[in-house]
Amino acid sequence: MTDTLLPNGIKDGGGERNYFKKGCNPFAQTGRSKLQNKRAGLNQEIIKQMRLRAGAENLLKATSNNKVKEMVLLELSYCNSNLQLLMGELEGLNSSVEVYQSTQETANIPLIALGLKETKEVDFSAPFKDFIMEHYNEDGRRYEEEIADLMDLRQACRTPSRNEEGVELLAKYFAHLPLIESRFFSPSRQTGIFFTWYDSFTGVPVCQQNLSLEKASILFNMAALYSQIGTRSNRQTLNGLDEAISSFQKAAGTLHHLKETFTHTPSYDMSPAMLSMLIRMMIAQAQECIFEKTALPGIKNNLYALLKMAQEAAKVSEIYDHVHQYMIQTPIKDNVPLFWSTMAQVKTNHYRAVAHYFVSLALLDHQLGAQDDEDQQEKALSQVYDHIPDGRTPLDILKKREDRERIGKAHIRRAILCHEEALRVYSLCLHLNKLEVLQEILKASLQRSLEKSSAHEEEEEFTDYMEAPDIISKTEHKAELDIPATIKGPLSVFSAKQQWTAPKTIHICPEDRDLGFTLKGEPPVQVVSLDPLCKAAEDGLKEGDYIVAVGDTDCKWMGVGDVMRLLKDVGEEGIDIQVVSMMDSNSAMPTKSATFCGNIPKTYSMICLAYNDDDNHPKTNKVSKKSSFLSWGIKNKLKSTSTLSLPTADHSTAQPWNKPHPSFPRCSSHNNDSL
């Protein structure tokens, strides 16, 4: 799907049309749009059946006629059957991951993307114009164009493009919501505007009169869009894998921000338990991409590289095992698609098998030679095992060929068992069976292990029942939450809510063009992966510090790229940087707000979201005397040896909103509201 520019129908003084940017064309016939349109249709059918069921239940309570009761019970049974069928279809949509995958010649193991939440259209026109007249004592008709543009922006957010522009579109609308809330949503008066959003897992609608549900749902869709960008990335290239890793980490960060900000949302898909599971799943997929990135250039066929890859694979398996265990717990298991939990279980076994396969290669194919560093190999092997059976030591395994081969064969046997278990679990899920690419990768991995086992079998060898020890999981690059700057930004970091140390000066000197640390995040930039032996660490730099200045340049508002450009050309004399550290602080208590879900009043905690906006709009020729009330208060924050490879399946596959607006109406002299 691509963005489209549609005319807003408003002409300027020169008679030329102005254009504003909208989201995807809702009529585009792509796989993703068809899936989303089908989801919208299912949501309508679900709400229809729920209304029929509610009416039948009310009639059952009200009537005393036995014949009528029999007819109503039959109708209830029919409605419940229809709801089960519709829920099954919705689960099928959530299991349709193939439409989100990248189509490349060599396919990877599929990843899971979240579907966008659906919503009903909202008409702001009459309520806002009435409020402007009654509250601000101005003619609401003067602001019809601005209200129409707001409605157009919201409508565009229903079909965002699957790229950064789509995320920015959602972020733009999200940034306007606190401003709209402060101007039109009075705590002492209801506007009559109802925001309806459908649960992405159950299809059940949730309706609310304030903007809290609207904010939370937009955040959820931003996370869903990031997950779709991650699954679409070309994971056969380093740039594509970097994009996938970043997207999944941002999806997890957005969901975490949603979970921490809206603690009692009425929609099941945004409940704390479900959000925790989704965060874990996004982190697991990011870690899987990190493993693929490590393996993409090729795995050196030496003991150290093989043991390292074994621990990396074990880390992926461990995280997916945690995700699977979380998915099968109540209440998650009742609504999470079976496809998801089965996929997590398959990947748990697959990557565990890969880990044992790499250890077997390291032990069977590499013997301790006279030129090898015995101490280094012993250290590397000791970090792989937590416990070695029969009281052996890592040095015993390295020196004794018999022990080395025996444990190596035990690892290859365990790899075969895990591969077979992954294929068995795969065969149990109907939706998973449609992913032929996954089946081919699993079979290729099993065949590779079987061939390795056959190569080291001896005809007169006795059966060995020794079990391979567990492999300690370890990674050099751990997937982490990354809250995008569009919803966090420097103002939410450098705010009155946080406590900071005084800026401290660190002198950094590159050694062989290596600073000894890496940077992450949007403005402000944070220090990660710090080498404890580098000069900066000795000078007091710590992981988690925020860089606020490089030399004489203030960089609180700079991203990683800008800061790296400042540090790139540092000479041997080095340069001074200033950093600050965040101190522990107590967060404020959330406020309470009422909502309605199925006519049942509920309460939930809501902490106001920090907003961010990008005012980098191309200028138009039209001159306006007033600025839009939609942009009041928004600050421009965004400036804007032999190698081994993993088994793959080979397939050849074909493959403006910038118009100036009048200002917001002035407050009347007798009004105490401030804007």
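The model shown is predicted, which means the values in this text are computed figures rather than measured ones. (Residues numbered from 1 in each chain as written. Predicted model: local features only at pLDDT ≥ 70, side-chain atom pairs only at ≥ 80, totals over all residues. Heavy atoms only, no water.)

Help me out: how do you make sense of the overall build of the chain in this one?
Tallying secondary structure elements over the chain gives 18 helices and 18 strands in all. Here the chain holds 675 residues, and 50% of them are scored as buried. Summing over all exposed atoms, the chain offers an accessible surface of approximately 32400 Å²; the carbon and sulfur share of this is 50%. (Helix = DSSP H or I, 4+ residues; strand = E, 2+ residues; numbered from the N terminus. Buried < 20%, exposed > 50% of the residue type's maximum accessible area, 1.4 Å probe, protein only. Areas by Shrake-Rupley, 256 points an atom, 1.4 Å probe, with all protein chains shown as cover.)

It is not clear to me how unusual backbone geometry should be interpreted in this structure. Could you clarify?
One can expect most non-glycine residues to show negative phi and most peptide bonds to be in trans. Residue Pro331 is reached from Thr330 by a cis peptide bond, and omega for that bond is 5°. Tracing the chain through its elements places Pro331 in the loop between α9 (303–327) and α10 (338–364). The backbone phi angle of Asn137 is positive, close to 55°, even though this residue is not glycine. Along the chain, Asn137 falls in the loop between α3 (125–136) and α4 (144–156). When its relative accessible area of 42% is taken as the criterion, Asn137 is described as partly exposed. The phi torsion at Ser529 lies on the positive side, around 50°, for a residue other than glycine. In this fold, Ser529 is placed in the loop between β10 (525–528) and α17 (535–538). Overall, Ser529 belongs to the partly exposed group, its relative accessible area being 44%.

What should I look at first to understand a negative patch on the surface in this one?
Together, Glu511, Asp512, Asp514, Asp531, Glu538, Asp539 and Asp576 give the surface a local cluster of negative charge. Here Glu511 is to be found in the loop between β8 (504–508) and β9 (518–520). (Patch = residues over 30% accessible without salt bridge, like charges linked within 9 Å, V, L, I, M, F, W, Y side chains within 5 Å. Salt bridge = Lys/Arg side-chain N within 4 Å of Asp/Glu carboxyl O. Lys, Arg positive; Asp, Glu negative; His and termini not counted. Charge placed at Lys NZ, Arg CZ, Asp CG, Glu CD.)

Please explain the pairing of β10 as it appears in this structure.
Note on strand geometry: in a regular strand, side chains alternate between the two faces of the sheet. Taking every second residue as pointing to the same face, both faces of β10 are buried, with Val525 and Val527 on one and Gln526 and Val528 on the other. Sheet analysis places β9 next to β10, joined by three bridges and oriented antiparallel. By the bridge assignment for β10, Leu519 is matched with Val527. (Pairing = 2+ DSSP bridges.)

Looking at this structure, I do not really get the pattern of salt bridges. What am I missing?
A pair can form between side chains of opposite charge whenever their charged atoms are brought close. Taken as a whole, this structure holds 23 salt bridges when the rule is applied. For the salt bridge of Asp269 with Lys117, the shortest nitrogen-to-oxygen distance reads 2.8 Å. Residue Asp269 is found in the loop between α7 (238–261) and α8 (272–295), and its partner Lys117 is found in the loop between β3 (106–107) and α3; the two are separated by 152 residues along the sequence. Take Asp269 and Lys117: they sit in the same class, and that class is buried. A salt bridge links Glu214 to Arg154; its shortest N-O distance comes to 2.6 Å. Highlighted residues: Glu214 in helix α6 (residues 212–232) and Arg154 in helix α4, separated in sequence by 60 residues. The same class applies to Glu214 and to Arg154, which are both buried.

Just to check I follow, could you spell out the nonpolar core for this structure?
Side chains of nonpolar character tend, in soluble globular proteins, to be buried together. If you look at the biggest cluster of nonpolar residues, it comprises 124 residues, and the most contacted ones within it are Leu278, Trp340 and Phe358. Contact partners of Leu278, with chain neighbours within four places excluded, come to Leu114, Phe201, Phe220, Leu255, Asp269 and Trp340. Counting 20 residues, the second largest nonpolar core, distinct from the first, contains Leu515, Ile547, Met558 and Val579. (Core = buried A, V, L, I, M, F, W, Y, C linked by side-chain atoms within 4.5 Å. Contact = heavy atoms within 4.5 Å.)

So what exactly am I meant to see when it comes to the packing of α8 against α10 here?
Packed helix pairs are specified by the crossing angle of their axes together with the interaxial distance, meaning the distance between the axes. Relative to each other, α8 and α10 sit at 35°, their axes nearing to 13 Å. Along this stretch, α8 crosses α10, giving a crossing that reads as left-handed. Residue-level contacts link Met277, Leu278, Met281, Glu288, Phe291 and Glu292 of α8 to Trp340, Lys347, Tyr351, Val354 and Phe358 of α10. (Axes fitted to C-alpha atoms, helices over the stretch in contact; angles between N-to-C directions. Left-handed = near helix turned anticlockwise from the far one by under 90°.)

It is not clear to me how the pairing of strand β13 (residues 575–580) should be interpreted in this structure. Could you clarify?
Both β8 and β13 contribute to a ladder of five bridges, which runs antiparallel. Within β13, the position partnered with Ile508 by the bridge is Ile575. Sheet topology note: the strand β11 (residues 546–550)/β13 ladder contains four bridges and is antiparallel. Considered in β13, the bridge of Ala549 is made with Gln578.

Honestly, α10 in this entry has me stumped. Any pointers?
At 3.6 residues per turn, the α-helix brings residues three or four places apart onto the same side. The first and last C-alpha atoms of α10 sit 39 Å apart over 27 residues, in line with the 39 Å expected at 1.5 Å per residue. Among the 27 residues that make up α10, 24 are buried, leaving the element largely enclosed by the rest of the structure. (Expected span 1.5 Å × (residues − 1).)

Looking at this structure, how should I read the packing of aromatic side chains?
What characterises a pair of aromatic rings is the spacing of the ring centres plus the angle enclosed by the ring planes. Evaluated as defined, the whole model comprises 10 aromatic pairs. Ring geometry for Phe124 versus Phe128: centroids 5.0 Å apart, planes at 20°, classification stacked. For the residue pair Phe124 and Phe128, the accessibility class agrees, reading buried in each case. Plain terms: the ring middles of Phe124 and Phe195 are 6.1 Å apart, the flat faces sit at 50° to each other, and that makes the pair tilted. Of this pair, Phe124 sits in the loop between β3 and α3 while Phe195 sits in strand β4 (residues 195–198), placing them 71 residues apart in sequence. Phe195 shares its class with Phe124; the two are buried. The structure contains a cluster of three or more aromatic residues connected by ring pairs, namely Phe124, Phe128, Phe131, Tyr136, Phe184, Phe185 and Phe195. For Lys117, the ring lying beneath its charged end belongs to Phe220, and the centroid distance is 5.7 Å. The side chain of Arg448 reaches across the aromatic face of Tyr357, ending 4.1 Å from its centre. (Phe/Tyr/Trp six-rings, centres within 6.5 Å; stacked < 30°, edge-to-face > 60°. Lys NZ or Arg CZ within 6 Å of the ring centre and 35° of its normal.)

Any chance you could explain the side chain of Asn108 here in plain terms?
Positionally, Asn108 belongs in the loop between β3 and α3. In this structure Asn108 comes out as buried when scored by relative accessible area, which is 18%. One polar contact links Asn108 to Gln236, side chain to side chain, over a distance of 2.9 Å. When sequence neighbours within four positions are dropped, the list of residues in contact with Asn108 reads Arg235, Gln236, Glu292, Val437 and Ile441. (Polar contact = N/O pair within 3.5 Å; in protein donor to acceptor, adjacent residues only side chain to side chain.)

What's the story with the side chain of Arg235 in this structure? I'm lost.
Among the structural elements, Arg235 can be located in the loop between α6 and α7. Residue classification places Arg235 among the buried positions, given a relative accessible area of 5%. Within polar-contact distance, the side chain of Arg235 engages the backbone oxygen of Ile109 at 2.9 Å. A distance of 2.7 Å separates polar atoms of two side chains, one belonging to Arg235 and the other to Glu292.

Would you take a moment to explain the environment of Ile577 for this structure?
For Ile577, the location among the structural elements is in strand β13. Note on Ile577: relative accessible area 1%, which makes it buried. With 72 residues separating them along the chain, Ile577 and Thr505 place their C-alpha atoms 5.7 Å apart. Residues contacting Ile577, with those up to four places away along its chain left out, are Lys504, Thr505, Ile506, Ile508, Ile547, Ala549, Val550 and Leu567.

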